[in-house]
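Remarks on the overall topology
Residue strings, one per chain:
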Amino acid sequence: MAGIKALVGLSFSGALGLTFLLLGCALEQFGVYWPLFVLIFYVLSPLPHFIASRCSDNTDSSSNACRELAHFLTTGIVVSAFGLPIILARKEVVKWGACGLVMAGNGVIFLTILGFFLIFGGGDDFSWEQWFPRSIDGTCGW
């Protein structure tokens, strides 16, 4: 039951983040939909972690190059998602109020994605790992 409550909480926070993003685009005083391009960063941000967790061994070593590369790429994607609205606002494509709403939405969405990995990232019965099947030899099936 705790998994269901966590999933409902994460979906609520995701909806709140998307509401901030859409308010930054659709309010009458802003009216520009360029900030919706941060949706691409929302989709791209978990991909390096998924690939690294599927294609690397599950040892608890202190240094794993594949995981460190995944953390580096994820950090670059998240920083880019926060940088895009600032660049659009500095070039006066969007207003600073829209930039603030998009930044608030970014914060909520990325905290939601982080919460998803913290809650469902373990190897327990109810996790995201069951959604991505491994091949028979345990390697990445791609």
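In this text the structure is predicted, and so the values were computed from the model without any measurement. (Residues numbered from 1 in each chain as written. Predicted model: local features only at pLDDT ≥ 70, side-chain atom pairs only at ≥ 80, totals over all residues. Heavy atoms only, no water.)

Remarks on the UniProt feature "transmembrane region" (unreviewed entry) in the chain
On the UniProt side, "transmembrane region" (unreviewed entry) is annotated at positions that read residues 6–25, 32–51, 71–89 and 96–120 here. Overall, residues 6–25 shows 100% helix and 0% strand. The separation of its end C-alpha atoms is 29 Å. Each end of residues 71–89 is marked by a C-alpha atom, and these two atoms are 28 Å apart; helix forms 100% of the span and strand 0%. (UniProt positions renumbered as here; feature names shortened; annotations may be inferred. Helix = DSSP H or I, 4+ residues; strand = E, 2+ residues; numbered from the N terminus.)

Brief notes about the nonpolar core
With nine residues, the main nonpolar core is built from Leu21, Val38, Phe41, Tyr42, Ile77, Ala81, Val102, Ile109 and Phe110. Elements supplying a minimum of two residues to this core: helix 2 (38–44), helix 4 (65–90) and helix 5 (96–120). Beyond its immediate chain neighbours, meaning those up to four positions away, Leu21 contacts Pro35, Leu36, Val38, Leu39, Tyr42, Leu101 and Val102. (Core = buried A, V, L, I, M, F, W, Y, C linked by side-chain atoms within 4.5 Å. Buried < 20%, exposed > 50% of the residue type's maximum accessible area, 1.4 Å probe, protein only. Contact = heavy atoms within 4.5 Å.)

Description of a nonpolar patch on the surface
Nonpolar side chains collect at one region of the surface, where Trp34, Phe37, Ile40, Leu44, Leu47, Ile51 and Val93 lie side by side and expose about 610 Å² of accessible area between them. Among the secondary structure elements, those contributing two or more residues to the nonpolar patch are helix 2 and helix 3 (47–55). Of note, Leu47 is situated in helix 3. (Patch = residues over 30% accessible without salt bridge, like charges linked within 9 Å, V, L, I, M, F, W, Y side chains within 5 Å. Areas by Shrake-Rupley, 256 points an atom, 1.4 Å probe, with all protein chains shown as cover. Salt bridge = Lys/Arg side-chain N within 4 Å of Asp/Glu carboxyl O.)

Concerning helix 4
For helix 4, with 26 residues, the first-to-last C-alpha span of 37 Å sits near the 38 Å given by 1.5 Å per residue. Gly83 marks the point of greatest bend in helix 4, at about 25 degrees, and the proline Pro85 comes within the next four residues. All buried positions along helix 4 are accounted for by Ala70, Ile77, Ala81, Pro85, Leu88 and Ala89. Summarising the contacts, the buried residues of helix 4 are in contact with helix 2, helix 3 and helix 5. (Expected span 1.5 Å × (residues − 1). Bend = angle between axes of the 7 residues up to and from the residue.)

Describing the environment of Phe41
Note that Phe41 resides in helix 2. Here Phe41 falls in the buried class, since its relative accessible area comes to 19%. Expressed as a C-alpha distance, the spacing of Phe41 and Ile77, which sit 36 residues apart in the sequence, is 6.1 Å. Setting aside anything within four residues of it in sequence, one finds Phe41 in contact with Ile77, Ser80, Ala81, Leu84 and Phe110.

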